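Observations on the model geometry
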Amino acid sequence: MKTKNKNNRKRTFLLITIPVVVLFFLFNTFPLIHGFIYSFTNFRGYGSFEWVGLRNYIDLFTDARVGKSYLFTIKYAVVCTIITNVLSLILALGLNSKIKAKSALRGIYFIPNVLGSLVVAYIFSFFFTYILPAIGKSLHIGFLSESILAGTGTAWLGIVIVGAWQAIAQNTIIYISGLQTVPTDVYEAGSIDGARKWKQFWKLTFPLIIPFVTTNMVLCMKNFLMVFDQIMAMTKGGPSQSTESISYLIYQNGMSGGQFGFQSANAFVFFVVIVVISVLQMRFMNKREEQL
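Attention here is on the structure that accompanies the text. What you see is a predicted model, and the numbers here were worked out from it, not measured in a lab. (Residues numbered from 1 in each chain as written. Predicted model: local features only at pLDDT ≥ 70, side-chain atom pairs only at ≥ 80, totals over all residues. Heavy atoms only, no water.)

Moving on to the overall build of the chain. Each helix and strand counted, the chain has eleven helices and zero strands in total. Reading the chain from its N end, one meets helices and strands in the order α-α-α-α-α-α-α-α-α-α-α. Rg of the C-alpha trace for the chain: 24 Å, well past the compact-globule value of 19 Å for 292 residues, more than 25% over. Across its three principal directions, the C-alpha atoms of the chain cover 85 × 75 × 35 Å. Within the span of the chain, comprising 292 residues, buried residues form 37% of the whole. (Helix = DSSP H or I, 4+ residues; strand = E, 2+ residues; numbered from the N terminus. Rg over C-alpha atoms; globule rule 2.2 N^0.38 Å. Buried < 20%, exposed > 50% of the residue type's maximum accessible area, 1.4 Å probe, protein only.)

See below:
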């Protein structure tokens, strides 16, 4: 009887697992393999193509536009990751404290995450292009009198603001979950020893929530490296390609620029870069966890 129940359980698990594995292969693994094969060709997205071997990969390392896109993407991801996690942790500490209407406040802070990225980006684009310059001119503030999206040195700041503003919500919820796992006895012991609030946070709270910090750091870095919606809606890579991310470059030149094979190679290299950065982050943060 027990053997029969075990067999039925295994059959149930297989019936649940197999469709998921098949769907994952069809919509994730198969396109990845397909794109990897095209990366060795000069395929333009239509018509015939020829095998070119490693030429696409060699050209990637000599293409100035690709290099510039990588530099912008990494800079954007690092800055956004730091800003998002610092502000999220501060908000989480505030929302986890004994304040009135904190459940309602949590819901309000989570709204940006519910909204579509393209919708949010278009709204902010209108704000940065028309409303903010109008306020700057009326108040005679020089640096606000023109759209920050129009300058090569300031356009990326607008994208950082939008990306971080929308990502803070999810990170705050994760940090609140982490803070709620910290036993109250820890704080009581710290108070008895005379530890002040900052010392309690740095010596007691932070070491206990470091796994949640690791999760947020890795997810943030990965998501920000793949930035696309904000750039599509706000700058389209401009001005002068100063805000062109890797994802946008792959889409723009791969889908409509006749570089499907070349951008397939770029996409595969970018995939490897994201995996390597995520692994390095995990190893570094795990070492920090062991030290603390």
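On to the packing of aromatic side chains, then. Where two aromatic rings form a pair, the distance of their centres and the angle of their planes describe that pair. Using the criterion set out here, one finds 20 aromatic pairs in the structure. Relative to Phe 128, the ring of Phe 124 lies with its centre 5.8 Å away and its plane at 45°, an arrangement referred to as tilted. Placement of the pair is Phe 124 and Phe 128 together in helix H5 (residues 117-138), with a separation of four residues, close to one helical turn. Summarising the burial analysis for this pair, Phe 124 and Phe 128 share the class buried. (Phe/Tyr/Trp six-rings, centres within 6.5 Å; stacked < 30°, edge-to-face > 60°.)

What follows concerns the environment of Val 218. Assignment of secondary structure puts Val 218 in helix H8 (residues 197-225). Spatially, the C-alpha atom of Val 218 lies 8.9 Å from that of Thr 81, the residues being 137 residues apart in sequence. Look past the residues within four positions of Val 218 in its chain and what remains in contact with it is Ser 278, Gln 281 and Met 282. (Contact = heavy atoms within 4.5 Å.)

In this section: the packing of helix H6 (residues 155-179) against H8. One way to put it is that H6 packs onto H8 with a least axis distance of 10 Å and a crossing angle of 150°. On the basis of their axis angle, the class for H6 and H8 is roughly antiparallel. Every pair of crossing elements has a handedness; the one defined by H6 and H8 is right-handed. Taken together, the residues of H8 that come into contact with H6 (itself represented by Gly 163, Ala 164, Ala 167, Asn 171, Ile 174, Tyr 175, Ser 177, Gly 178 and Leu 179) are Thr 205, Ile 209, Phe 212, Val 213, Asn 216, Cys 220 and Phe 224. (Axes fitted to C-alpha atoms, helices over the stretch in contact; angles between N-to-C directions. Parallel < 35°, antiparallel > 145°, perpendicular 65-115°, else oblique. Left-handed = near helix turned anticlockwise from the far one by under 90°.)

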